[in-house]
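As a plain string of letters, each chain reads:
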Amino acid sequence: WVELTPALVSSWARVVPDATLADEERPEARAIAALHGEDRVVAVVFEVLASRWGDSAPLRTRAWELLVRLGERERLADLVAAVPADTDDAMMSDLATGLRDLGVLPGNREEMLWLRRLREPARRAFWDEARDALAGFSAQRRLAMELRDVPVAVSVMRHRPDLADASNEQLEQSLAERLRGARQVSREDVGGGRAVEDRLRDWRGRLTWGDLAAMHLALDAFAEPAVRRHLFDYARRDRDDRGTEYGGVLAMDERGRYELLEFPPRMRRGDRRFVATQEMLDAAYTALFHFHLHVQEPSNAAYAGPGFGDRSYADAVRANCLVFTSLSADELNVDYYRHGRVSVDLGTVRRPEPS
């Protein structure tokens, strides 16, 4: 029975939707306790992570995700900090370098892959810039950062250093001022039959520096006529194409210019779904936002904001995301969202006058 330990950890790591049992009460946890002792349950998961029970990369990744979910981030940070620089354990090498240079730890498999991609030689210049940018933040602020905040921090230091110095309260207040009087549109929560919390006031005091800085950068981007022209042209082409939604990434180049990067879907699954390609994900590792469009009809307000599938996507990739919804041929509603069901309506973008 003891030989089933890796399988029990792997099963326990899988999230059960709408679970009625707490993690500590699940049958896998109780079985591990019966096999190894009540006081060794978490220690056994650490042993799986350290390859004590097998060196399968997917199994070790699931053990990491489980430990994060169990609230063991501080112990994980201590474990990673103790990894020797010359380790031949690729997974631990990535984690240790990410913690040392950027001060961040991944939360799931996708973020582990994200970290590994950032360490590739082709992205060495970005990594070095990110390390230098994050060194300018306080230890307390770095402690709250996630991988999705790394491109935001780089872009802030390139183009908006004032955002780096502002407190969260100051950023929230200035964002509220920028959104004052904005036209905002809410959908009904398809899954729960209730109004979605998508106003800045709904999340007061709960947004991170990365959330607030990212939204400021998004509003800066939409103030650029060239960005808006590209966005409305893309929306027109999407509306004409009934086989798929369109999407891509919003990035800032090295000269501080915002740009929309278009990516065709990995597969065409109908006019209400966009399936991202690996090429898009590769570009998004150093970009500010993933985005997609809800523009099937000129007036699509009933579908404003992220839907259930969009929120599931954000939970999986843990990136900053935007969705644009058509309110008319000349106006798009914009929503920012990320994992944890966080969603903020950023008002609308209007088609620029012809140049």
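For the structure itself, look to the data block above.
Draft legend 1. Representation of the nonpolar core in the model. Ranked by internal contacts, the top residues of the largest apolar core, which has 95 residues, are Trp64, Trp209, Phe222, Leu322, Phe324 and Leu346. The dominant element in this core, judged by the number of residues it contributes, is helix H13 (residues 209-222), at ten residues.

Draft legend 2. The pairing of strand E4 (residues 321-328), seen in detail. Counting buried positions along E4 gives seven out of eight residues, so the element sits mostly inside the fold. In this sheet, E4 lies alongside strand E3 (residues 289-294) in parallel orientation, the contact comprising five bridges. By the bridge assignment for E4, Leu293 is matched with Phe324. The parallel pair E3 and E4 is bridged by helix H16 (residues 308-317), and the resulting crossover is right-handed. Note: E4 against strand E5 (residues 331-338), seven bridges, orientation antiparallel. The residue of E5 that forms the bridge with Thr325 is Asn333. In this antiparallel pair of consecutive strands, E4 and E5, the connection spans two residues.

Draft legend 3. Representation of the environment of Phe126 within the structure. Inspection of the secondary structure puts Phe126 in helix H8 (residues 124-134). On a C-alpha basis, the gap between Phe126 and Val349 in space is 30 Å, while along the polypeptide they are 223 residues apart. Among all residues touching Phe126, those that are not within four sequence positions of it are Leu118, Val150, Pro151, Val154 and Thr286.

Draft legend 4. The side chain of His292, seen in detail. Looking at where His292 falls in the secondary structure, it is placed in strand E3. Among the residues examined, His292 registers a relative accessible area of 6% and is labelled buried. Within the structure, His292 has its side chain in polar contact with the side chain of Asp310 (distance 3.2 Å). Other than its neighbours up to four places away in sequence, His292 contacts Glu245, Tyr246, Gly247, Phe274, Asp310, Leu322, Val323, Phe324 and Tyr337.

Draft legend 5. Geometry of the pattern of salt bridges. Within this structure, the stated rule accounts for 42 salt bridges. Between Arg26 and Asp23 there is a salt bridge, and its shortest N-O distance comes to 4.0 Å. Residue Arg26 is classed as buried on the basis of its relative accessible area, which comes to 6%. Arg206 is the salt-bridge partner of Glu197, the closest N and O atoms lying 4.0 Å from each other. On the basis of relative accessible area, Arg206 is assigned to the partly exposed category, the value being 47%. By sharing partners, the salt bridges in this structure join Glu111, Glu146, Arg148, Asp149, Asp211, Arg318 and Arg338 into a single network.

What counts and what doesn't
Residues numbered from 1 in each chain as written. Predicted model: local features only at pLDDT ≥ 70, side-chain atom pairs only at ≥ 80, totals over all residues. Heavy atoms only, no water. Core = buried A, V, L, I, M, F, W, Y, C linked by side-chain atoms within 4.5 Å. Buried < 20%, exposed > 50% of the residue type's maximum accessible area, 1.4 Å probe, protein only. Helix = DSSP H or I, 4+ residues; strand = E, 2+ residues; numbered from the N terminus. Pairing = 2+ DSSP bridges. Right-handed = clockwise from strand over helix to strand, strands pointing away. Contact = heavy atoms within 4.5 Å. Polar contact = N/O pair within 3.5 Å; in protein donor to acceptor, adjacent residues only side chain to side chain. Salt bridge = Lys/Arg side-chain N within 4 Å of Asp/Glu carboxyl O.

Read these as layout, nothing more, since geometry by itself doesn't imply function.
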